[in-house]
Amino acid sequence: MSKPLIEVKNLTIETAEDSRTLVNNISFEVFPGEAVGVVGESGSGKTLTALSILGLLPRGVVARSGEINYSDSNLLTASEEYRRSIRGNQISMIYQDPMTALNPVMKLGKQLFEVLEAHDLLDSEAPQRVFNAFKEVGIPEPDRALVSYPHEFSGGMRQRVMIAMAMILSPKLLIADEPTTALDVTIQQQILALVSEQRRKTGMSMLWITHDLGVVANLVDRVIVMYAGRIVEVGTVKEIFTNPQHPYTHGLLASLPKSNVKSRERLMAIPGVPPKPWLVENSCAFSPRCTRATTECFNETPSLKPNAFTKAACFHEIGTSQ
Amino acid sequence: MTTKKQEKTWVHYYFKSTSGVVGAVLVLLMMIISICAAFGWTTHDPLAQNPMDALQGPSSTYWFGTDQFGRDVFSRAMDGMRRSMTVSIVAVGIAGFIGVSLGVLGGFLGKWLDGFVVRLSDVIFAFPAILLALAIVNSLGNSWIDTSLAIAIVYTPIFIRVARGPVLTIKELDYVKSVRVLGFSSPRILMSHVLPNVLAPILVQIALSMSWAILTESGLSFLGLGTQPPDASLGLMVSEAQPMAAFAWWTLVAPSAFITLVVVGLNLVGDGLRDSLDPARRQS
Amino acid sequence: MRLAKTSGIAARLLSVLITLFGISVFIFIVLRVIPGDTITGSLGIETGVLTPEQIDDLKRYYGIDKPLLLQYFSWITSFLSGDLGFAYSTGVSVLTLTASSLPVTIELALFGTISGVIMGIAIGMFSAKKPGSARDFFGQLFGLLALAIPGFVLSTAIVTIMANKFGYFPNGYEYMTPWEDLWMNLQQMLFPSIVLGIAVAAPVMRTTRSALLETVDKDFIRTAFGKGLKSRTVQFRHVLRNSLIPIVTMTGIQFGYLLGGAVIVEKIFALPGMGRQILDAINKREYATVQSSVMIFAILFVTINLVTDIIYRRIDPRIK
């Protein structure tokens, strides 16, 4: 069993002022070369988890406890200088809205040069590197792109620029926070293909955050399902899609237009809305919406335990659906 | 009657901010002082000279000491505050009334009226307040009415701008457009839809403009273009204090403190109003 | 593209010209409501001694016998051809007066604006670093006091402390232009520039602080950190640079206002600038001087606004 590239252990994220729990004691690993999808609705804590890896949590939110182990260091306690040296270099991130994520008054070429500059790699080769980076991601006329501004490009192109920016130093891990949500469906496919291609070429690991379970099917190796700040299920793509054990995962699959769930199940969205994580710390967060819930579910928090197919946090796994 | 409910809430928010409360207290204090002065309830007669007590420091008799003629500095400052406050209220009242009317009418009715209104405010905006007030006061005279009028003219454009903005936005809202098509009379639309939304920024602007008005008024009287000696006005007191300030600091500090406190107060009130009236800025 | 841009500039220029026309009419109207006129102003009590015929002669001489409309047009036409009028009390043309007073005001406005902007940006950055903290409180307190303490109070305080207590008051001596005596000139500009600088720093600080706070929450700042950039680089190259636009606009407005708004400071510190020129002319009832001087000032202000507008359009590549 190889050593994980990055190991998140008992990570808890809270609001700084009033200590409201946003992410509750989660643990997971990403191995070298593997792609992991993190699926969840908004409010599930998936984005905050991703941001905490690079120490990019917004003002008013802190990682209160736990470890994020990378390369023999705990990123949560490491020096800011160390974390800085990793950003954009060994671990990179791409974001949801490419228009707001790029500096509107800085030329695109310069924004890529900055990555090199941040890691003391600004030398005579730099212009060529940036040029190549643009070409790699399929930007036509890279030399024009070098001196253009973000608003002169379309959403899909801007996302390509972001990918180029994230990949230029060949990071070991790419964290992607819903990069295709703001894009057209056709463009989405292009970006997904581009990222898969890059992964294939470089062998880098990937953490792909999304709310759409359908997106991860052909993209990742393993899936982590989050709900109300907790991990509720973990498994390989095959396991999750063929034998989801947690009722929430099962419901997510059922609501997909095309799913591997038995054709007898009707397409439906799960009625209700996810609760705020800090309000459900002593019960199964999904219980109010769960058809299989019992008194136990409302009074105790199930922990993540392995079952015949996946690892799930549930008192009443679904069992086989074949 | 949703307006009443809303008003209750914004007042509640307003009193949550310390600076807003401090500002309100300061302004209230200065208003009380002004009213007292208006009724003649000052510690001494502002005009009474007691040459034997000239240039004494602050004491229990003369709270802020005396000036070179033995006049009580505190009473004179009170009287000066009264004058400044009066001018400020009258000037902003006129500017507000005319400015808001022009702004709302121009914004709502559009076309040439709006063009004219905007052009007019651009013209007046091209002058710094003190310069324009100077020129107008020079033409009109030194009385407090003249000063008020001059300051009113100078500060009308900002009310035009503040009132016109929301009107333009509201005019384009779908529900207003449909109501107009349905044949609702314009005045009715104005009263029930437009004015409530314009009210908030106007209130804020009133507080801010009052603070500028006091600064301009005292600037004018400093230059000798306002209240004439031996009457007391804050600006005049400052200019009269200059030769003596080195050894009679209270003659300078008293009027300066009064001006500063009331301007600070009005600004804090303006900020407090702005924060509490705009739903987006409220902190829960 | 080119065509649209040129007509945009042309449209703005036309608008500016119309505003200037409006300004000239406004000035003329304001100053013609004068109860006293040039004759009474220059002769004072002696006016009463003159016969009606003499008064008519004088009126014709000063050009104030014609109907108002005609007076306006003759003023405007002479103004546009460079004849700004004649300052009867001093015996020189307004043009000559302005040629020596305008540079003083411009120098003062420049020093005041530059010092104010530097102070304002510095304190704004200082405050914005930790919003809601003690340093933010003091930063904002400074902004409030800088606004609330009138310029003439600050000036009087400086005069009192410096001149009366320490005996150092360069403004007590005859004014020196930079060419005559640079060192003296700079000393004479020192105090008034500080006073004006403080007045400018207040709005600049406010603008800087709110622009910075707004920018700091933006997504691209997170991206900048995510790239591994140092905090200092992000602050200056990303946060500040993106906050510049409102700061530049505010700077332009402040500079424009300082040109005419420094009247009181010019008087207190005995600087022979345009403000003082207008003040003296007003006291002497020389409305010809006042008219033309104020007109010049308005032209400058409008021009500065236009230039600021052009500059900020160039800084922001998003605007076409």
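In this section: the overall build of chain B. The number of helices and strands found in chain B is ten helices and zero strands. In sequence order, chain B lays out its α and β elements as α-α-α-α-α-α-α-α-α-α. Counting all 284 residues of chain B, 52% fall into the buried class. A separation threshold of at least 6 residues defines the contact pool for chain B, and within that pool the share at least 24 residues apart is 70%.

So, about the interface of chain B and chain C. Every contact between the two is made by 38 residues of chain B and, on the other side, 43 residues of chain C. A buried area of about 3,500 Å², summed over both sides, lies between chain B and chain C, and 75% of it is on carbon and sulfur atoms. Linking chain B with chain C are one salt bridge. Secondary structure elements with two or more residues in the side of chain B that touches chain C: helix H4 (111–125), helix H5 (129–140), helix H8 (186–222), helix H9 (234–241) and helix H10 (249–277) of chain B. In terms of residues, the side of chain B that touches chain C owes the most to one element, H10(B), which gives ten residues. Here the side of chain B that touches chain C is built from residues that sort into 25 nonpolar, nine polar and four charged.

Residue and element names in this part refer to chain A. Taken domain by domain, chain A consists of domain 1 (6–220) and domain 2 (241–312). Computed over C-alpha atoms, the centres of domain 1 and domain 2 are 29 Å apart. With 13 residues of domain 1 at the contact, the number on the domain 2 side is ten residues. In this assembly, domain 1 packs against domain 2 so that about 1,000 Å² is buried in total across both faces, 65% of it on carbon and sulfur atoms. Among the residues of domain 1 in contact with domain 2, Thr21, Glu41 and Leu213 are the three that bury the most area, contributing 50% of the side total. Counting across the domain 1 and domain 2 interface gives one salt bridge. Glu41 is the partner of Arg289 in a salt bridge, and the nearest nitrogen-oxygen pair spans 3.5 Å.

Let's shift gears to the confidence of the model for chain B. Residue-level pLDDT values for chain B average 84, and 89% of them are 70 or greater. Scored as a whole, the predicted complex attains pTM 0.80, and scored at its interfaces, ipTM 0.87.

Attention now goes to the arrangement of the chains. When the two pairs of chains in contact are compared, the highest contact count belongs to chains B and C. In this assembly chain A lies apart from chain B, the nearest approach of their C-alpha atoms being 13 Å.

Residue and element names in this part refer to chain B. The interhelical angle for the contact between helix H3 (residues 73–109) and H9, taken along N-to-C directions, is 140°, at an axis separation of 8 Å. Overall, the two elements H3 and H9 adopt an arrangement that is oblique. Facing H3, whose interface residues are Val73, Arg76, Ala77, Gly80, Met81 and Ser84, H9 presents Leu234, Met237 and Glu240. The residue makeup of the contact of H3 with H9, split by class, is five nonpolar, two polar and two charged.

So, on to the sheet that holds strand S12 (residues 311–312) of chain A. Residue and element names in this part refer to chain A. Judged by pairing direction, the sheet is mixed, and its eight strands sit side by side in the order S6-S7-S8-S3-S9-S10-S12-S11 without closing on themselves. At either end of the open sheet lies a strand with only one pairing partner, and these are strand S6 (91–94) and strand S11 (305–306). With five bridges connecting them, strand S3 (residues 35–39) and strand S8 (residues 205–210) associate as parallel partners. Of the residues in S8, the one forming a bridge with Val36 is Leu207. Taken strand by strand, helix H8 (residues 185–202) contacts S3, strand S7 (173–177) and S8, and its axis lies near 160° from that of S8.

What follows is about the side chain of C:Gln291. Tracing the backbone through its elements, the reader meets C:Gln291 in helix H13 (residues 287–315). Apart from residues lying up to four places away in sequence, C:Gln291 is in contact with C:Ile27, C:Phe28, C:Leu31, C:Arg32 and C:Trp75.

This next bit is on the pattern of salt bridges. All names here are of chain A. Scanning the entire structure with this criterion turns up 31 salt bridges over all chains. With a closest N to O distance of 3.2 Å, Arg87 and Glu80 form a salt bridge. For Glu80, a relative accessible area of 41% corresponds to the partly exposed category.

Frequently, the measure chosen for interface size is the accessible area removed from exposure when the parts meet. The partner chain A presents 24 residues to the 21 residues of chain C that form the contact. A combined buried area of about 2,200 Å² lies between chain C and chain A, and 55% of that area is made up of carbon and sulfur atoms. When the area that chain C buries against chain A is broken down by residue, the three leading residues are C:Arg222, C:Lys227 and C:Arg237, summing to 28%. Summed over the shared surface of chain C and chain A, the result is four salt bridges. Residue C:Asp217 is joined to A:Arg59 by a salt bridge in which the shortest nitrogen-to-oxygen separation is 3.0 Å. Connecting chain C to chain A are 14 residue pairs in polar contact (both at pLDDT 80 or more). With six residues, helix H9 (residues 219–226) of chain C is the largest single contributor of residues to the side of chain C that touches chain A.

Our focus in this paragraph is the pairing of strand S2 (residues 21–30) of chain A. Residue and element names in this part refer to chain A. Counting buried residues along S2, seven of its ten residues qualify, which places the element largely inside the surrounding structure. Bridging between strand S1 (residues 6–15) and S2 involves six bridges; their strand directions are antiparallel. For Ile13, the partnering residue across the bridge sits in S2 and is Val23. Where S1 hands over to S2, the hairpin turn is made up of five residues, of which Ser19 adopts a positive phi near 50°.

Below, the discussion takes up the sheet that holds strand S5 (residues 73–74) of chain A. Hydrogen bonds along the backbone pair up the strands of a sheet, which may run parallel or antiparallel. Residue and element names in this part refer to chain A. Read across the sheet, four strands follow the order S2-S1-S4-S5 without closing on themselves; strand pairing throughout is antiparallel. Of all strands in the sheet, those with a lone pairing partner are S2 and S5, marking the two edges. Where S1 lies against strand S4 (residues 61–70), eight bridges are found, and the strand directions are antiparallel. When the bridges of S4 are listed, Thr12 appears paired with Ser65. Of the strands in this sheet, S1, S2 and S4 touch helix H1 (residues 46–53), which is tilted by about 115° from S1.

In this chain, B:Pro229 is followed by B:Pro230 through a cis amide linkage whose omega measures 5°. Among the structural elements, B:Pro230 can be located in the loop between H8 and H9. Phi at A:Ala228 takes a positive value of approximately 50°, unusual for a residue other than glycine. Tracing the chain through its elements places A:Ala228 in the loop between strand S9 (222–227) and strand S10 (230–236).

Turning our eyes to something else, we now look at the state of the cysteines. All names here are of chain A. Tallied over the full model, the rule gives zero disulfides over all chains. Of all cysteine sulfurs in the structure, the one in Cys314 sits closest to Cys290, which takes part in no disulfide; the separation is 6.1 Å. Just so you know, Cys297 is unpaired, no disulfide at all, and the nearest cysteine sulfur is the one on Cys284, 5.8 Å from it. Under the relative-accessibility criterion, Cys297 is labelled buried at 5%.

All names here are of chain C. Running from N to C, helix H10 (residues 231–261) and H13 cross one another at 170°; their axes reach a closest spacing of 9 Å. Comparing their axes, H13 and H10 come out roughly antiparallel. Between H10 and H13, the contacting residues are Arg241, Ile245, Val248, Thr249, Gly252, Ile253, Phe255, Gly256, Tyr257, Leu259 and Gly260 on the first element and Phe297, Leu300, Phe301, Ile304, Asn305, Thr308, Ile311, Tyr312 and Ile315 on the second. Within the contact of H10 with H13, the residues separate by chemical class into 13 nonpolar, six polar and one charged.

Moving on to the pairing of S8(A). Residues and elements named next belong to chain A. Counting buried residues along S8, six of its six residues qualify, which places the element largely inside the surrounding structure. Across the two faces of S8 the burial is the same, with Ser205, Leu207 and Ile209 and Met206, Trp208 and Thr210 all buried. With five bridges joining them, S7 and S8 adopt parallel strand pairing. In the strand pairing of S8, Ala176 is matched with Trp208.

With that settled, consider the environment of A:Gln198. Residue and element names in this part refer to chain A. Within the element layout of this structure, Gln198 appears in helix H8. C-alpha separation for the pair Gln198 and Met167, spaced 31 residues apart in sequence, amounts to 8.5 Å. Contact partners of Gln198, with chain neighbours within four places excluded, come to Glu136, Met167 and Gly203.

In this section: the environment of C:Ala202. One can find C:Ala202 in helix H8 (residues 182–216). Residues in contact with C:Ala202, not counting those within four places in the same chain, are C:Gly143, C:Ala146 and C:Leu147.

About the thresholds
Residues numbered from 1 in each chain as written. Chains lettered and ligands numbered in written order. Predicted model: local features only at pLDDT ≥ 70, side-chain atom pairs only at ≥ 80, totals over all residues. Heavy atoms only, no water. Helix = DSSP H or I, 4+ residues; strand = E, 2+ residues; numbered from the N terminus. Buried < 20%, exposed > 50% of the residue type's maximum accessible area, 1.4 Å probe, protein only. Contact = heavy atoms within 4.5 Å. Buried area = accessible area lost by both parts, 1.4 Å probe. Salt bridge = Lys/Arg side-chain N within 4 Å of Asp/Glu carboxyl O. Nonpolar A, V, L, I, M, F, W, Y, C, P; charged D, E, K, R; others polar. Domains from an automatic or database assignment. pLDDT = per-residue confidence, 0-100. Axes fitted to C-alpha atoms, helices over the stretch in contact; angles between N-to-C directions. Parallel < 35°, antiparallel > 145°, perpendicular 65-115°, else oblique. Pairing = 2+ DSSP bridges. Polar contact = N/O pair within 3.5 Å; in protein donor to acceptor, adjacent residues only side chain to side chain. Disulfide = S-S within 2.5 Å.

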